[in-house]
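Take a look at the letters that make up each chain.
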Amino acid sequence: MKKERWVLISVWNKDGLEPLLKSLSHHGYEFISSSGTADYIKKMKYKVRKVETVTGYPEILNGRVKTLHPNIHGGILAPRTPEALSEIKDQGITPIEMVIVNLYPFWEYKNKGLNDKELIEYIDIGGPAMLRAAAKNYHFVLPVPSPQFYEELIKELDAHGGEPGEDFRKKMMAETFSLTSAYDGMIAGHFSSDRFPSCFALCGKLVQTLRYGENPHQGAALYKTSGGIPTFEKLQGKELSYNNILDLDACVRLYKTFCNDQRCFTAILKHNNPCGLALADDPVASYRGALSGDPVSAFGGIVVSNREIAKETASEMKKLFLEIILAPGFSKDALEILKSKKNLRLLCFDPHLIPHGIPEIKSVNGGFLVQDENEEFSSEFEFVTEMKPAGVDLEELIFAQRIVKHLKSNAISITKEHILRGAGMGQVSRVDAVQLALSKAAEKAKGAYLASDAFFPFPDCLELAAKSGIRAVIQPGGSVNDNEVVEKANALGLIMVFTGQRHFWH
């Protein structure tokens, strides 16, 4: 007598289902399905048993309840021991050998702007319940949680005479629990009103496995949550590396700081830090200004702009070896000019898909840290020295402050004429950071403006700044030695402004 081999199929996404049905049927499987999927299977000319004929109950509550029944879950959860098989046989329950389910696309509908009442209807209950049940019993029941595994499943069936192997079963079990936990986390993240909930769910979908991590001996992968870097379109160039993606993240941070500026913005980055940055009235002047800040460090850098890259700008960029150019668009002439540099990555982004206000997450040994995104800038300034800033002085100081936030601490930025002239970053001493920034600025420090990410604990940094000709300084203030620092600034003839806001970046 032919053994019955039942597979339960209930899928929102029908992609790839036709060849899978053909393979399953070839290997002797029969189908149980809910209404929409059952209709699809019938159209493919395969016999299908509807769920209600298994449960003895029709779908109710507009489809909310259809598979939540002992005749379904008993068939999935039963271990294949004589006792268990005898028990479910006495109850008229059919063993199920495979569960092929994909879930309501909650995130897709969230991104369509549905309100919470509408979005509730796209929270899947029966699907995760069946998948988790199959995953718990994976030795006997195979869960298949996504169309991305159909091709692999077909190969498994062919290789093992219609019976998936143990390694594949275990893989599907792990993939199922990863998917359902991410799905629940996605829903919790959307509906939670707590800034830091009691359990923080971090979920992402694999975009690609990378060639290697920060160093060649480290493995790495890119996952996406929403918007941002995974949505960037690569127009040309070789595959992005782990370090490229980290630099792109730094580009996005800078872009968000300057995205509302009416002027053309260009930055050149190396190792997550801007080594050149400028605002100007046209894109070419902006790029030239950014390059002039540190042309040596710009070699092999990553460029980000808030304007489409056109012919003249592309001609300037072609003169330098660059890793990546990131912009909202590229003209046809620009693409033609830059295509000769085959390894140069050209990335295009949609400004509307750059998320704001997302939490920052960093892994630590045994856990991870979560903090608010650092997007705020103080708009209340305290003019603490005898010399007060004129309008142009304050404008330049604010520009320098906006840049220093993007330099690794301890950090100093020196600007003049809306161009980054010198940067000191990642130093264990603020004095060292000042000296590094001044050495980069050289003679361009005369009449320039200096910003610090944190307060000056001693006057020594001001003495170095004044000696090189710095005109004005902006810093958070808040040191126990603020009075001494202000007195020294007055003695040196410096303008100094307190912001009351620190911008560490580690």
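See the structure printed just above.
Criteria and thresholds
Residues numbered from 1 in each chain as written. Predicted model: local features only at pLDDT ≥ 70, side-chain atom pairs only at ≥ 80, totals over all residues. Heavy atoms only, no water. Helix = DSSP H or I, 4+ residues; strand = E, 2+ residues; numbered from the N terminus. Buried < 20%, exposed > 50% of the residue type's maximum accessible area, 1.4 Å probe, protein only. Contact = heavy atoms within 4.5 Å. Areas by Shrake-Rupley, 256 points an atom, 1.4 Å probe, with all protein chains shown as cover. Lys, Arg positive; Asp, Glu negative; His and termini not counted. Charge placed at Lys NZ, Arg CZ, Asp CG, Glu CD. Axes fitted to C-alpha atoms, helices over the stretch in contact; angles between N-to-C directions. Parallel < 35°, antiparallel > 145°, perpendicular 65-115°, else oblique. Left-handed = near helix turned anticlockwise from the far one by under 90°. Nonpolar A, V, L, I, M, F, W, Y, C, P; charged D, E, K, R; others polar. Pairing = 2+ DSSP bridges. Right-handed = clockwise from strand over helix to strand, strands pointing away. Phe/Tyr/Trp six-rings, centres within 6.5 Å; stacked < 30°, edge-to-face > 60°. Salt bridge = Lys/Arg side-chain N within 4 Å of Asp/Glu carboxyl O. Core = buried A, V, L, I, M, F, W, Y, C linked by side-chain atoms within 4.5 Å. Patch = residues over 30% accessible without salt bridge, like charges linked within 9 Å, V, L, I, M, F, W, Y side chains within 5 Å.

Turning to the overall build of the protein, a few remarks are in order. Each helix and strand counted, the protein has 18 helices and 21 strands in total. Viewed in the frame of its principal axes, the protein has a C-alpha envelope of about 100 × 55 × 40 Å. Burial analysis of the protein (506 residues in total) assigns 48% to the buried set. Across the protein, contacts joining residues at least 24 apart in sequence account for 55% of those joining residues at least 6 apart. Accessible surface, the protein as shown: approximately 25300 Å² in total, 52% of it carbon and sulfur. The centroid of the 59 positive side-chain charges in the protein is displaced by 5 Å from the centroid of its 62 negative side-chain charges.

Packing of helix H12 (residues 283-293) against helix H13 (residues 311-318) brings their axes to within 8 Å, and their N-to-C directions diverge by 20°. Taken together, the axis directions place H12 and H13 in an arrangement best described as roughly parallel. As for the relative orientation of H12 and H13, their crossing is right-handed in sense. Where H12 approaches H13, its residues Pro-283, Val-284, Tyr-287 and Arg-288 are matched on the opposing element by Glu-312, Thr-313, Glu-316 and Met-317. Class assignment of the residues belonging to the contact of H12 with H13 gives a composition of four nonpolar, one polar and three charged.

Burial analysis of strand S12 (residues 322-327) places five of its six residues in the buried class, which makes it a mostly covered element. Judged from the four bridges that link them, strand S11 (residues 301-305) and S12 form a sheet pairing that is parallel. Opposite Val-303, over in S12, you have Ile-325 as the bridge partner. After leaving S11, the chain enters H13 and then returns to the sheet as S12, a path that is right-handed. Read as a crossover between parallel neighbours, the route from S12 over helix H14 (residues 332-338) to strand S13 (residues 345-348) is right-handed.

So, on to the sheet that holds strand S4 (residues 96-102). A sheet is described by the order of its strands in space; here five strands give the open sequence S3-S2-S1-S4-S5, paired in parallel fashion. The strands lining the two open edges of the sheet, one partner per strand, are strand S3 (48-50) and strand S5 (142-144). Across the sheet, the axes of successive neighbouring strands diverge by a mean angle of 25°, strand direction being ignored. Contacting strand S1 (6-11), strand S2 (30-33) and S4, helix H1 (residues 17-26) runs over the sheet at an angle of about 170° to S1. Across the sheet, helix H9 (residues 150-159) lies against S1, S4 and S5, angled at about 160° from S4, the strand it touches most.

Attention now goes to the packing of aromatic side chains. The tally for this structure, following the rule as stated, stands at ten aromatic pairs. Summarising the aromatic geometry, the rings of Phe-232 and Phe-349 are spaced 5.8 Å apart at their centres and angled 45° between planes, so their arrangement reads as tilted. Of the two residues, Phe-232 is situated in the loop between strand S7 (221-224) and strand S8 (233-236) and Phe-349 in the loop between S13 and strand S14 (360-364); the sequence distance between them amounts to 117 residues. Just as Phe-232 is buried, Phe-349 falls in that class too. Relative to Phe-265, the ring of Phe-258 has its centre 5.0 Å away and its plane inclined at 10°; by these criteria the two rings are stacked.

What follows deals with the pattern of salt bridges. This structure, assessed with the given rule, holds 24 salt bridges. Of the charged contacts, one joins Lys-50 and Asp-39 as a salt bridge, the two residues approaching to 4.0 Å between their closest N and O atoms. Placement of the pair is Lys-50 in strand S3 and Asp-39 in helix H2 (residues 35-43), with a sequence separation of eleven residues. Taking the relative accessible area as the measure of exposure, Lys-50 reaches 24% and is therefore partly exposed.

Phe-232, Phe-258, Phe-265, Leu-277, Val-304 and Leu-326 are the most contacted members of the largest nonpolar core, which totals 41 residues. With eight residues, the top contributor of residues to this core is helix H11 (residues 242-258). Residues in contact with Phe-232, not counting those within four places in the same chain, are Val-252, Leu-326, Leu-347, Cys-348, Phe-349 and Ile-354. Counting 25 residues, the second largest nonpolar core, distinct from the first, contains Leu-8, Ile-32, Leu-131 and Ala-133.

A contiguous nonpolar surface patch, about 270 Å² in accessible area, is contributed by Leu-202, Ile-361 and Phe-368. As for its placement among the helices and strands, Ile-361 is situated in strand S14.

Within the secondary structure layout, Trp-107 lies in helix H6 (residues 106-110). Measuring from C-alpha to C-alpha, the distance between Trp-107 and Ala-433 comes to 44 Å, with 326 residues separating the pair along the chain. With sequence-adjacent residues up to four places away left out, Trp-107 is seen in contact with Met-186, Thr-225 and Ser-226.

Once that is clear, we can look at helix H8 (residues 126-136). Of all eleven residues making up H8, eight are buried, and the element is well covered by its neighbours. Within H8 the residues assigned to the buried category are Gly-126, Gly-127, Pro-128, Met-130, Leu-131, Ala-133, Ala-134 and Ala-135. Contacts made by the buried residues of H8 are with S1, helix H4 (70-77), S4, S5 and helix H10 (166-191).

All right, on to the pairing of strand S20 (residues 472-475) then. A two-sided burial pattern is seen for S20, the buried positions comprising Ala-472 and Ile-474 on one face and Val-473 and Gln-475 on the other. Sheet topology places strand S19 (residues 449-452) next to S20; three bridges connect them, and they run parallel. Following the sheet pairing, Leu-450 is matched in S20 by Val-473. Each parallel crossover has a hand, and for S19 linked through helix H17 (residues 460-467) to S20 it is right-handed. In terms of strand pairing, S20 meets strand S21 (residues 495-498) through four bridges, oriented parallel. Bridge pairing in S21 links Val-473 to Met-496. The handedness of the S20 to S21 crossover, carried by helix H18 (residues 482-492), is right-handed.

A cis geometry characterises the amide bond from Ser-409 onward to Asn-410, with omega recorded as -10°. When you line up the elements, Asn-410 lands in the loop between helix H15 (391-404) and strand S17 (412-416). Positive phi, close to 70°, is recorded for Lys-45, a residue that is not glycine. For Lys-45, the location among the structural elements is in the loop between H2 and S3. Judged by its relative accessible area of 74%, Lys-45 falls in the exposed class. Unlike most non-glycine residues, His-418 shows phi in positive territory, near 60°.

In short, shape yes, function no, at least from these values alone.
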